[in-house]
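Structural overview for review
So the chains spell out like this:
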Amino acid sequence: MSVTKRDVEYIARLARLRFNDEELESYTAELNEILNYMEKLNELNTETVEPLSHPIENVNVFRDDKLIVSIDRADALKNAPSRDEEFFKVPKVINK
Amino acid sequence: MLKLTQYRNHSEKIELIKSGKISLRKNVEEFLHEIEDKKELNAFNFVFDDVLLQADKVEEKIKKGSAGKLGGMVISIKDVLSIKSRPMTCSSKILKNYEAVYTATAVQKLLDEDAIIIGKTNCDEFAMGSSNENSAFGIVRNPHDTERVPGGSSGGSAVSVAADLCDASLGTDTGGSIRQPAAFCGVYGLKPTYGRVSRYGLTAFASSFDTIGPFAKSIEDIALIMSVISGKDPKDSTSHDIEVPAFTLNVDNVEKYRVGIPKEYLNPSSEGGLDQEIKEAIENQIDLLKENGYEIKEISLPHTEYAIATYYILTTAEASSNLSRYDGAHYGYRSDKANNLFDMYTESRTEGFGKEVKRRIMLGTYVLSAGYYDAYYRKAQKVRRLLKEDFDKAFQQVDIMLTPTTPTVAFKIGEKSADPLQMYLSDIFTTPANLAGIPGINIPVGKNSEGLPIGLQLMANHFEELKLLRFAKKLETIQ
């Protein structure tokens, strides 16, 4: 499996990143080198192995369905790049 | 007045303060002076300006006998952990002006026991790196040779302890980020079992791998800090509800643990092998244990050579998902180039993230994308189970595993930064513990012919940190 420059552009769009031409070239080369190394895993037959998603295999952890105060609005808005008294502000989403 | 280096651990320090031989304020002033003096090491992102005030309060408590277990211990915190109303940047431009809105549980527990928090330490951006060269605050230098890296990602934490800038530090370890810099800088560093310490307030990198643990100059202090920060936390559902031992180190009654030497670690088949001087240092320790009547057993962890590939598929996948929260909307950097929502996300992330973080987001997004999920991500999850089962089987035969921590000593600044794959491969001995979720510790075992520290790693089964610490203490006493 080889990654092309176009693939890298597509992945970048999914990840909401933008690269110039030079960066596209270098990321394409690096991703190919790294993914090529990862092909190593195909030496192993894992057909009957269950995937492991967590090192300590917990059952579900439940808590009581009670309302608990977390951070207040002022704190939540404190680090916003743009805001008013109550809301985060972002560029206009819907155009009439 | 005694110099700050004249105590070996916290209980000695407390005795000196109680008997009036040192003053805590003086002690903290000395640390501040050392930080200023060794500024070129670049260990700190922030030093707190109220630290002397903290010291005065705690000193009074110590004299009245009402101080907590960590009263007067001066601790630095890796800048990926939140402390309310303090900056928290993850050494990234994207969080440059971020101020934490709550306090991480592990840090709160230190504060509750009267530790003094001196500042936030430099690290690789979002804890991604093995050399501390990927930081928006600049590289960190190794105090043993300033042309060399301190290791990463908790490089600043390791340096802050090794260079006497504080007593101890809290770092994080996702694939070796505590143990490897501890080895490169010649200090103790413990990565706890996954779930032993609450991750609440730790900025997520790879959630099924991330752990928080201490750096210190003595096993006693590592044990003391572990006794404070461990335990179930309702704010982290993956923290484990299991008894926290007192972490007492009485080694007289310690039965002779069976020690396993994984052959794949001392004779690695590929990827540059193992430095000869490190190998000899580890073999010397093994001989010492044999002379003291320990049963040493060669064991096999047959899937070791697949650890790096597995680790970098799974952690980049988790990272690409975790780092999607940096969107320029809620907090952190927002580019002023954008006038629509899509561009706001893209431009803010493009300008805000550094090169290595972008590389990992790209890799993670790729292995999770349609058509590649099964080939990479699911495959790696399966191999993760095989790697964990290697350890399960080995721990039926032995109590402790003894290995080198790193394949080389601290490398030169710039030596590996141009080749990401070579950098990743340097994590070969540390990533397996994170894949399996088991605890590991770095023990400094002397220096090589160039005066650079060599690290020995001990690993034990899940939640057996106490075994690690007692064995480490024993190893120290038979030197």
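Everything below is about the structure shown above.
How each quantity is defined
Residues numbered from 1 in each chain as written. Chains lettered and ligands numbered in written order. Predicted model: local features only at pLDDT ≥ 70, side-chain atom pairs only at ≥ 80, totals over all residues. Heavy atoms only, no water. Helix = DSSP H or I, 4+ residues; strand = E, 2+ residues; numbered from the N terminus. Rg over C-alpha atoms; globule rule 2.2 N^0.38 Å. Buried < 20%, exposed > 50% of the residue type's maximum accessible area, 1.4 Å probe, protein only. Contact = heavy atoms within 4.5 Å. Areas by Shrake-Rupley, 256 points an atom, 1.4 Å probe, with all protein chains shown as cover. Lys, Arg positive; Asp, Glu negative; His and termini not counted. Charge placed at Lys NZ, Arg CZ, Asp CG, Glu CD. Salt bridge = Lys/Arg side-chain N within 4 Å of Asp/Glu carboxyl O. Nonpolar A, V, L, I, M, F, W, Y, C, P; charged D, E, K, R; others polar. 1 Å grid on protein atoms, 1.4 Å probe; cavity = no way out; pocket = protein on both sides within 12 Å on 5 of 7 lines; lining within 4 Å. Points joined across faces, edges and corners; volume = space filled by probe spheres on them. Phe/Tyr/Trp six-rings, centres within 6.5 Å; stacked < 30°, edge-to-face > 60°.

What to know about the overall build of chain B
Across its full length, chain B holds 16 helices and eleven strands. Relative to the 2.2 N^0.38 estimate, which gives 23 Å for 479 residues, the radius of gyration of chain B is 21 Å and therefore close to what a compact globule would have. For chain B, the spread of C-alpha atoms along the principal axes amounts to about 65 × 55 × 45 Å. The buried share of chain B, reckoned over its 479 residues, is 65%. Residue pairs at least 24 apart in sequence account for 75% of intrachain contacts in chain B once pairs closer than 6 positions are excluded. Surface exposure of chain B reaches about 16,200 Å², of which carbon and sulfur atoms provide 45%. Taken together, the 58 basic and 65 acidic charged side chains of chain B have centroids lying 3 Å from each other.

Regarding the interface of chain A and chain B
On the chain B side, the residues contacting the 52 residues of chain A number 74 residues. Note that Lys40(A) and Glu305(B) form a salt bridge whose closest N and O atoms lie 2.9 Å from each other. Only α1 (5-14), α2 (21-38) and α3 (73-78) of chain A provide two or more residues apiece to the side of chain A that touches chain B. A per-element tally of the side of chain A that touches chain B places α2(A) first, with nine residues. Considered class by class, the residues forming the side of chain A that touches chain B number 30 nonpolar, eight polar and 14 charged.

A word on the layout of surface pockets
Counted as a void, the largest pocket has a volume near 730 Å³. Looking at the largest pocket, it is lined by 28 residues, and the ones nearest its centre are Ser70(A), Ile71(A), Tyr102(B), Tyr200(B) and Gly201(B).

Considering the packing of aromatic side chains
All names here are of chain B. Counting across every chain of the model gives 20 aromatic pairs over all chains. Their ring planes at 50 degrees and their centres at 4.9 Å tell us that Phe126 and Tyr326 sit as a pair that is tilted. Residue Phe126 is found in the loop between β3 (116-121) and α5 (155-162), and its partner Tyr326 is found in the loop between α10 (307-322) and α11 (341-352); the two are separated by 200 residues along the sequence. Assessed through its relative accessible area of 2%, Phe126 is described here as buried. Residue class for Tyr326 comes out buried when judged on its relative accessible area of 5%. Relative to Phe429, the ring of Tyr265 lies with its centre 5.2 Å away and its plane at 25 degrees, an arrangement referred to as stacked. Within this pair, whereas Tyr265 is found in helix α8 (residues 263-266), its partner Phe429 is found in the loop between α14 (420-425) and α15 (431-436), the two being separated by 164 residues in sequence. Judged by relative accessible area, Tyr265 falls into the buried class, the value being 1%. Judged by its relative accessible area of 1%, Phe429 is buried.

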